[in-house]
Amino acid sequence: MGSPKHRRRSSPLPGFASGLTVTVAYLGILLIIPLGACLIKTASLDWPQFVAAAWSARARSAYFLTFSTSAIAAVIDVILGTLLAWVLVRYEFPGRRLMDAVIDLPFALPTAVAGLVYSSLYVKNGWFGQFLIPLGIQGSYSRLAIVLVLVFLGLPFVVRTIQPLLGSLEGDIEEAAASLGANRWQTFWRVILPSLRPALATGFALAFARGLGEYGSVVFVSGNMPFKTEIAPVLIVQKLDEYSYPEATAIAVVLLAGSLLALGLISWLEARNRRYAS
Amino acid sequence: MHLSARQTRIAGRHVANEPLWLRILLIGISGIVVTVLIIVPLVYVFVQAFGNGPAAWWAQLVKDRDTQHSIFLTVVLAPVAVLLNTIFGLAAAWTLTKFRFRGRVLLLTLLDLPFAVSPVVAGLCILLVYGMQGFLGPTLREWGMPVVFSWPGLLMATTFVTMPFVARELIPLMESLGSDEELAAVSLGASRWQLFWRITLPNIKWGLLFGIIQCHARAIGEFGAVKVVSGGIGGQTDTMPLRVEKLFQEYNNPGSYAVASVLTLMALATLAARILLERWTEYQLAAMSEEKEG
């Protein structure tokens, strides 16, 4: 139950002024001032300088790689995550609780560890690489390597968004569909999947956002070759190592704007979808 | 208790189940996915770290000065960042759920922003304000408080990236609890500390603990933001994840995996704590509903 809508003055509860002060000061020092500094630094460049820094061929290929690998990984996560959530909610089998527990590991495992391990599993004499590389599948120091490690990182976001919703779906609708002659597949495709759509969109957005910003694991697995396997965050660090701060900042602003735009678009589509549904 | 509750729930739904072969197929694929993506990498860390026996593993951790310091730094920094974010999370959740005011929605949006900001960009932003080339950096240095390339910068970067975890856990929880209990306590003359310790904290303690565990896990593992502000001075500003990378680049695989295995153990401890906490809250909820029924 929501509390009655109290105006701040009419609320007899204490702590408004001090709470607000702490919140605003904290956000100011840690978030607003630094992000503002990023924008001010960029504004000190004139337009041709900005374009030269933020829109070079190398930077463009880095943005493209960042957004495409994140999107592909998020799509794979949505498919695998739906399967895992389904199996975990609907079926009883030995090892179910273990499976349920380890799905959270990518949340808790430091990304550097994930990168370290993924970079050695898929090389020529690695555990997976010895079978995959003869088949022509390069699972490390390639674009595929980036997608693989991003799939790992994003998986729990999708599973944990879909799981509660799938668990709360009522059986009646499915029974109704079945009694009207729908087979299991039709029931899933026409009845269950549409009601999961908001959760699928949220899961996609979370996994996608995680991928866009990721640095720690990708830097281990990708090989970081300009124009081939260099993502935008790696390029920013590269520019910082060369002490070209303005260039790094310009790239950062484009990456930031792109992330915010993409996430805004997803939540807008989601909201619109929901309105159509109701 | 949890298991039986779940079984009755599923049984009570009378869902027409898929044919056996399909169920086995789906479970099998899921098993393979989880094994390949999660379990094998997890096992691999320990196989590599303990490949030469526990003594060699221990030596890697203890003999190397820089590794020792990185462990010390991470073990000290992460809890401080978590403490700061806990204080912030409590203040923000209290302000944003108990009061309605102009700018509230803006603050809620800002709170989610760190999720959309790449850690590398976060580190860069801190560098731009507090670094030597930055707006405040030279002044701070004159005061003898250099931020960048020293521990305050590492703390700031870690705190930035893990900022939303506690607040995000508390806000929906406190919103759903409402403020009737607090209003009653105030009308009976409770002081603000009594209000917090006796009413609010007992109601939110499990959610708070959950948020703290999440926040702590991310704080330990933070890499991108910390790397940008650390300057990578061995024995001074390398945290454990940075140490993993540095050893890896020096082709010191045993050392790298030794540090990685400690980080993995911390992650497993986090998972265990979470699972215990979930069980405990479920158990309590079940006990409460039984009390109501009986």
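Keep in mind that this is a model prediction, so the values were computed, not measured. (Residues numbered from 1 in each chain as written. Chains lettered and ligands numbered in written order. Predicted model: local features only at pLDDT ≥ 70, side-chain atom pairs only at ≥ 80, totals over all residues. Heavy atoms only, no water.)

Engineer: How would you explain the environment of Ala260(B) if you had to name every residue and give the values?
Structural biologist: By the element assignment, Ala260(B) lies in helix 14 (residues 253–293). Once the C-alpha coordinates of Ala260(B) and Val45(B) are considered, the two residues, 215 residues apart in sequence, prove to be 7.1 Å apart. Contacts of Ala260(B), omitting those with residues within four sequence positions, involve Val113(A), Leu116(A), Val45(B) and Val244(B). (Helix = DSSP H or I, 4+ residues; strand = E, 2+ residues; numbered from the N terminus. Contact = heavy atoms within 4.5 Å.)

Engineer: Which residues make up the side chain of Thr66(A), and what values go with them?
Structural biologist: Residues and elements named next belong to chain A. Looking at the element boundaries, Thr66 is found in helix 3 (residues 57–90). Polar contacts involving the side chain of Thr66 include one to the main-chain carbonyl oxygen of Ala62, which spans 2.7 Å. Those residues in contact with Thr66 that sit more than four places away from it in its chain are Leu212, Ile231, Ala232, Pro233 and Leu255. (Polar contact = N/O pair within 3.5 Å; in protein donor to acceptor, adjacent residues only side chain to side chain.)

Engineer: Requested: an account of helix 10 (residues 184–213) of chain A, with residues and values cited.
Structural biologist: Given 3.6 residues to a turn, an α-helix orients residues that are three or four positions apart in the same direction. The sharpest bend along helix 10 of chain A reaches about 50° and sits at Arg197(A), with the proline Pro198(A) one to four residues further on. You can read the cap of helix 10 of chain A off the contacts: a side-chain oxygen lies 3.1 Å from the backbone nitrogen of Trp185(A), and it is on Asn183(A). (Bend = angle between axes of the 7 residues up to and from the residue.)

Engineer: Outline the interface of chain A and chain B, supporting the account with residue identities and numerical values.
Structural biologist: Taken together, the contacts link 99 residues of chain A with 99 residues of chain B. When chain A packs against chain B, close to 8,700 Å² is buried across both sides, 76% of that on carbon and sulfur atoms. Looking only at chain A, the three residues that lose the most surface to chain B are Leu13(A), Tyr26(A) and Tyr91(A), adding up to 8% of its buried area. Our count for the chain A to chain B interface comes out at two salt bridges. The residue Asp104(A) makes a salt bridge to Arg274(B) at a minimum N-O spacing of 3.1 Å. The interface formed by chain A and chain B contains eleven residue pairs in polar contact (both at pLDDT 80 or more). Looking at the side of chain A that touches chain B, the element that brings in the most residues is helix 1 (residues 16–43) of chain A, giving 20 residues. Classifying every residue of the side of chain A that touches chain B by side-chain character gives 69 nonpolar, 16 polar and 14 charged. (Buried area = accessible area lost by both parts, 1.4 Å probe. Salt bridge = Lys/Arg side-chain N within 4 Å of Asp/Glu carboxyl O. Nonpolar A, V, L, I, M, F, W, Y, C, P; charged D, E, K, R; others polar.)

Engineer: An account of the nonpolar core is requested, with residue identities and associated values reported.
Structural biologist: Counting residues in each nonpolar core, the largest one holds 178 residues, and the members touching the most others are Leu166(A) and Ile236(A). With 15 residues, helix 3 of chain A is the single largest residue contributor to this core. A domain split of this core shows at least three residues from each of domain 1 (17–49) and domain 2 (54–293) of chain B. (Core = buried A, V, L, I, M, F, W, Y, C linked by side-chain atoms within 4.5 Å. Buried < 20%, exposed > 50% of the residue type's maximum accessible area, 1.4 Å probe, protein only. Domains from an automatic or database assignment.)

Engineer: So what's going on with a nonpolar patch on the surface? Residues and values would help.
Structural biologist: Residues and elements named next belong to chain B. On the surface, a nonpolar cluster with roughly 320 Å² of combined accessible area is contributed by Phe72, Val76, Val80 and Leu84. Along the chain, Leu84 falls in helix 4 (residues 65–98). According to the relative accessible area criterion, Leu84 is partly exposed, its value standing at 33%. (Patch = residues over 30% accessible without salt bridge, like charges linked within 9 Å, V, L, I, M, F, W, Y side chains within 5 Å. Areas by Shrake-Rupley, 256 points an atom, 1.4 Å probe, with all protein chains shown as cover.)

Engineer: Can you break down the environment of Leu165(A) residue by residue, with the values?
Structural biologist: All names here are of chain A. Within the secondary structure, Leu165 is located in helix 8 (residues 143–168). Relative accessible area serves as the criterion here: at 28%, Leu165 is assigned to the partly exposed category. When the C-alpha positions of Leu165 and Lys41 are compared, they lie 44 Å apart, and in sequence the two are 124 residues distant. Excluding residues that lie within four positions of it along the chain, Leu165 makes contacts with Ser195, Leu196 and Ala199.

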